[in-house]
Amino acid sequence: MTFFDVKNLTVKFGGLTAVDDVSFGLNEGEVFTIIGPNGAGKTTLFNLISRLYTPSAGQIIFRGEDVTRLSAQQIAGRGIARTFQNIELFESASTLQNLLVGRHRHSTTRPWQDILRTKKVREEEVAHRRAAEEVMDVLRLQRYRDTTIGALPYGVRKVIEVARALCVGPTLLLLDEPSSGLNVEETNAMAEWILEINRRLRVTVLMVEHDMSLVSRVSDRVLALNYGKMMAIGTSAEVQGHPDVIAAYLGA
Ligand SMILES: Nc1ncnc2c1ncn2[C@@H]1O[C@H](COP(=O)(O)OP(=O)(O)OP(=O)(O)O)[C@@H](O)[C@H]1O
Ligand SMILES: [Mg+2]
């Protein structure tokens, strides 16, 4: 059984086919990266997988289950988490508070139990906090634990955005341009975090990325998209050297 499969996935917005008959599979434990010029359909593909958009055609299979018609919340519940191309953290809340929001799906209690503050609620709160603390330990965020997001540099916020996604305990993590807006030093640090998450936490990673040095460093395989269509799939070097890929980037 393959870990994750996208089969003939397609979405149309009016006359535009933003994702056009895309098929690929992920092996458990790999880092798989999607590249392509602006507007190629990369974020749209993530929006289909995380079920913010509904596919016009095709299937998404996760660990043998057809998840194409599940809700976004159910997808998160299956262990698929994501980050956004533009950081979406609560600016006026602390790092810890933002991470506790990320844990929400693990809550099994009912609202009336919250009101009564049952033992179960207290136990869950302790478990949530422990998971957030562990993620902060792994990504070395403890020093920013109680700092308001708005007061932190952009590079740190990008790591917190990844941390928040990790707090739901995913087995598949979708990262949309983890290096965007980062300088060379911060991009190198992000590459290390991605490898750490992949190898130490054993999370399979599906990433969209423009920085080719980062792509080459962390990716097991790469898929290039253009105008919603698959151009090439293979190792980073194979895809970057593919004539269609070179032409697409020169054209862009
Ligand atoms: N909700 C939507 N309604 C209409 N068109 C959309 C919608 N979402 C995306 N598109 C269009 O789909 C195409 C692909 O957009 P997408 O954001 O997936 O590109 P991308 O590969 O992520 O680009 P970038 O590298 O700039 O982030 C674009 O032409 C975009 O305008
Ligand atoms: Mg995008």
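Residues numbered from 1 in each chain as written. Chains lettered and ligands numbered in written order. Predicted model: local features only at pLDDT ≥ 70, side-chain atom pairs only at ≥ 80, totals over all residues. Heavy atoms only, no water.

Which parts of the structure should I look at to understand the coordination of the magnesium ion (ligand 2)?
Ideal values for angles at a metal depend on the geometry: 109.5 degrees with four tetrahedral donors, 90 or 180 degrees with six octahedral donors. Listed as protein donors to the magnesium ion (ligand 2) are Thr 43 (OG1) and Gln 85 (OE1); their distances from the metal cover 2.0 to 2.3 Å. Of the two residues, Thr 43 sits in helix α1 (residues 42-49) while Gln 85 sits in the loop between β6 (80-82) and α3 (95-102), which places them 42 residues apart along the sequence. A relative accessible area of 24% means that Thr 43 is categorised as partly exposed. (Donors = N, O, S within 2.8 Å, 3.2 Å for Na, K, Ca; no water. Helix = DSSP H or I, 4+ residues; strand = E, 2+ residues; numbered from the N terminus. Buried < 20%, exposed > 50% of the residue type's maximum accessible area, 1.4 Å probe, protein only.)

Is there a simple way to explain the site of ligand 1 in this structure?
Of all residues adjacent to ligand 1, which total 15 residues, the nearest are Gly 39, Lys 42, Thr 43, Thr 44 and Gln 85. Taking Lys 42, its side chain carries an N or O atom lying 2.7 Å from an oxygen atom of ligand 1. Within the complex, 64% of the 640 Å² of free accessible area of ligand 1 lies under protein. Of all the secondary-structure elements, those providing two or more residues to the shell around ligand 1 are β2 (16-26) and α1. In terms of residues, the shell around ligand 1 owes the most to one element, α1, which gives 3 residues. In the shell around ligand 1, the residues fall into 6 nonpolar, 7 polar and 2 charged. (Near = heavy atom within 4 Å. Polar contact = N/O pair within 3.5 Å; in protein donor to acceptor, adjacent residues only side chain to side chain. Areas by Shrake-Rupley, 256 points an atom, 1.4 Å probe, with all protein chains shown as cover. Nonpolar A, V, L, I, M, F, W, Y, C, P; charged D, E, K, R; others polar.)

Could you clarify how one ought to interpret the nonpolar core in this entry?
Generally speaking, nonpolar side chains in soluble globular proteins are found buried as a group. Formed by 36 residues in total, the largest nonpolar core has its most connected members in Leu 139, Leu 141, Ile 160, Leu 173, Ile 194 and Val 218. Breaking this core down by element, the ones donating at least two residues are α3, α5 (119-138), α6 (154-166), β7 (172-176), α7 (184-199), β8 (204-208) and α8 (212-218). It is α6 that provides the largest number of residues to this core, a total of 7 residues. Residue assignment places this core across two domains, with domain 1 (1-79 + 170-252) and domain 2 (92-163) each supplying three or more. With residues up to four places along the chain from it excluded, the contact list for Leu 139 reads Val 159, Ala 163, Leu 166, Trp 193 and Ile 197. (Core = buried A, V, L, I, M, F, W, Y, C linked by side-chain atoms within 4.5 Å. Domains from an automatic or database assignment. Contact = heavy atoms within 4.5 Å.)

Where do I start with the packing of α6 against α7 in this structure?
If you want to describe how two helices pack, look at the angle between their axes and the distance between the axes. One way to put it is that α6 packs onto α7 with a least axis distance of 10 Å and a crossing angle of 15°. As far as their axial angle goes, α7 and α6 are roughly parallel. The crossing of α6 and α7 is right-handed. On the side of α6, the interface is formed by Gly 155, Lys 158, Val 159, Val 162 and Leu 166, while α7 contributes Glu 186, Met 190, Trp 193 and Ile 197. Of the residues that constitute the contact of α6 with α7, the class distribution is 6 nonpolar, 1 polar and 2 charged. (Axes fitted to C-alpha atoms, helices over the stretch in contact; angles between N-to-C directions. Parallel < 35°, antiparallel > 145°, perpendicular 65-115°, else oblique. Left-handed = near helix turned anticlockwise from the far one by under 90°.)

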